[in-house]
Amino acid sequence: MIHDINIANEVAKYLLQINAIILQPNTPFIWAAGWKSPIYCDNRKILSYPKIRSYIKKGLADIINNHYNSTDVIAGVATAGIPHGSLVAEELGLPFIYVRGKAKEHGKQNQIEGCFEKEQSVILVEDLISSGKSSLEAAATLKEAGMEIKGIISIFTYNFSTASENFKNEKCKYVSLCDYNTLLTQAIKQKYIKEEDLSILRDWRENPSTWKK
């Protein structure tokens, strides 16, 4: 779900403005999972724009204040969730930790970096949610360490049905600042894409793993 439609529209405008979202229906990208995609989302670009970075930071903090009431710790999901998570933690005056995709193979072999205590509540910050797999794996790691998972927040979500199912199965709440439908609406208004591109972009979202195969 998205937090607020007005904020979602503003975030979509910003992402398009700085080319953090690139739409290429006719020359698709290849994702790490092997999926062909007409869209590429690079929220790391937000960090280079102070005004937008601040807007996103405050928007994510607002999600926590309005949807989760409070939490003890903010966690970032490595790697793209780390900078945004640390900014949110700073905004709220809370401790920050982050979760690696797997434990280090050297040193203390940590998978969770930072200081926390068992039974503390935690909210995870992601830059974007596709299937939700990496987010839920990070949540599972924190849960195994004894923490209480309050939910996951993100800048952007593709609204994949598989993600909704995965979060539902794990009984994990997630809220995003912006989503795919809002992005497409703004992309049309700004003439970033053409009307005839919409059917391609919507078909992909329905079956991303088999699109153009």
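You'll find the structure just up there.
Residues numbered from 1 in each chain as written. Predicted model: local features only at pLDDT ≥ 70, side-chain atom pairs only at ≥ 80, totals over all residues. Heavy atoms only, no water.

We now examine the overall build of the protein. What the protein contains, in helices and strands, is seven helices and ten strands. Relative to a compact globule of 213 residues, whose C-alpha radius of gyration would be 17 Å, the protein shows 17 Å and is just as compact. Once the C-alpha set of the protein is aligned to its principal axes, its extents read approximately 55 × 35 × 30 Å. The buried share among the 213 residues of the protein stands at 46%. Counting contacts in the protein only where the partners sit at least 6 residues apart, residues at least 24 apart contribute 65% of the total. Carbon and sulfur atoms provide 46% of the accessible area of the protein, an area that totals close to 10,800 Å². Taken as two groups, the 26 positive and 24 negative side-chain charges of the protein have centres that lie 4 Å from each other. (Helix = DSSP H or I, 4+ residues; strand = E, 2+ residues; numbered from the N terminus. Rg over C-alpha atoms; globule rule 2.2 N^0.38 Å. Buried < 20%, exposed > 50% of the residue type's maximum accessible area, 1.4 Å probe, protein only. Contact = heavy atoms within 4.5 Å. Areas by Shrake-Rupley, 256 points an atom, 1.4 Å probe, with all protein chains shown as cover. Lys, Arg positive; Asp, Glu negative; His and termini not counted. Charge placed at Lys NZ, Arg CZ, Asp CG, Glu CD.)

To continue, consider the side chain of E126. As for its position among the elements, E126 is in strand β8 (residues 121-129). One buried charge, E126, has no salt-bridge partner; the nearest side chain with opposite charge is R44, at 10 Å. For E126, the side chain forms a polar contact with the side chain of S134, separated by 3.3 Å. Look past the residues within four positions of E126 in its chain and what remains in contact with it is V77, G81, S134, S135, I152, I153, S154 and I155. (Salt bridge = Lys/Arg side-chain N within 4 Å of Asp/Glu carboxyl O. Polar contact = N/O pair within 3.5 Å; in protein donor to acceptor, adjacent residues only side chain to side chain.)

Across the sheet, which stays open at both edges, the six strands sit in the order β7-β6-β5-β8-β9-β10 with mixed pairing between neighbours. For this open sheet the edge positions go to β7 (112-113) and β10 (174-179), each flanked by a neighbour on one side alone. As paired strands, strand β5 (residues 73-77) and β8 are joined by four bridges and run parallel to one another. The partner of A75 across the bridge, within β8, is L124. Each of β5, β8, β9 (148-157) and β10 touches helix α2 (residues 50-68); the most contacted strand, β9, lies at about 140° to it. Against the sheet, helix α4 (residues 133-144) engages β5, β6 (96-99), β7, β8 and β9, with an angle of about 165° to β8. (Pairing = 2+ DSSP bridges. Axes fitted to C-alpha atoms, helices over the stretch in contact; angles between N-to-C directions.)

A word on the pattern of salt bridges. Applying the stated criterion across every chain yields a total of four salt bridges. R205 serves as the salt-bridge partner of E206, at 3.9 Å between the closest nitrogen and oxygen. Residue class for E206 comes out exposed when judged on its relative accessible area of 51%.

Once that is clear, we can look at the nonpolar core. Nonpolar side chains in soluble globular proteins generally cluster together in the buried interior. Judged by nonpolar contacts, the single largest core of 64 residues is most densely connected at L60, L142, F156 and Y158. Those residues in contact with Y158, other than ones at most four positions away along the chain, are W31, I39, C41, L128, I129, S130, Y180, W204 and R205. (Core = buried A, V, L, I, M, F, W, Y, C linked by side-chain atoms within 4.5 Å.)

Taking 1.5 Å as the rise per residue, α2 with 19 residues should run 27 Å; its terminal C-alpha atoms sit 26 Å apart, in good agreement. Among all positions in α2, only I52, I56, G59, L60, A61, I63, I64 and Y68 are buried. For α2, the secondary structure elements touched by its buried residues are α1 (5-17), β5, α3 (81-92), β8, β9 and β10. N69, located one to two residues past α2, shows a positive phi value of around 70°. (Expected span 1.5 Å × (residues − 1).)

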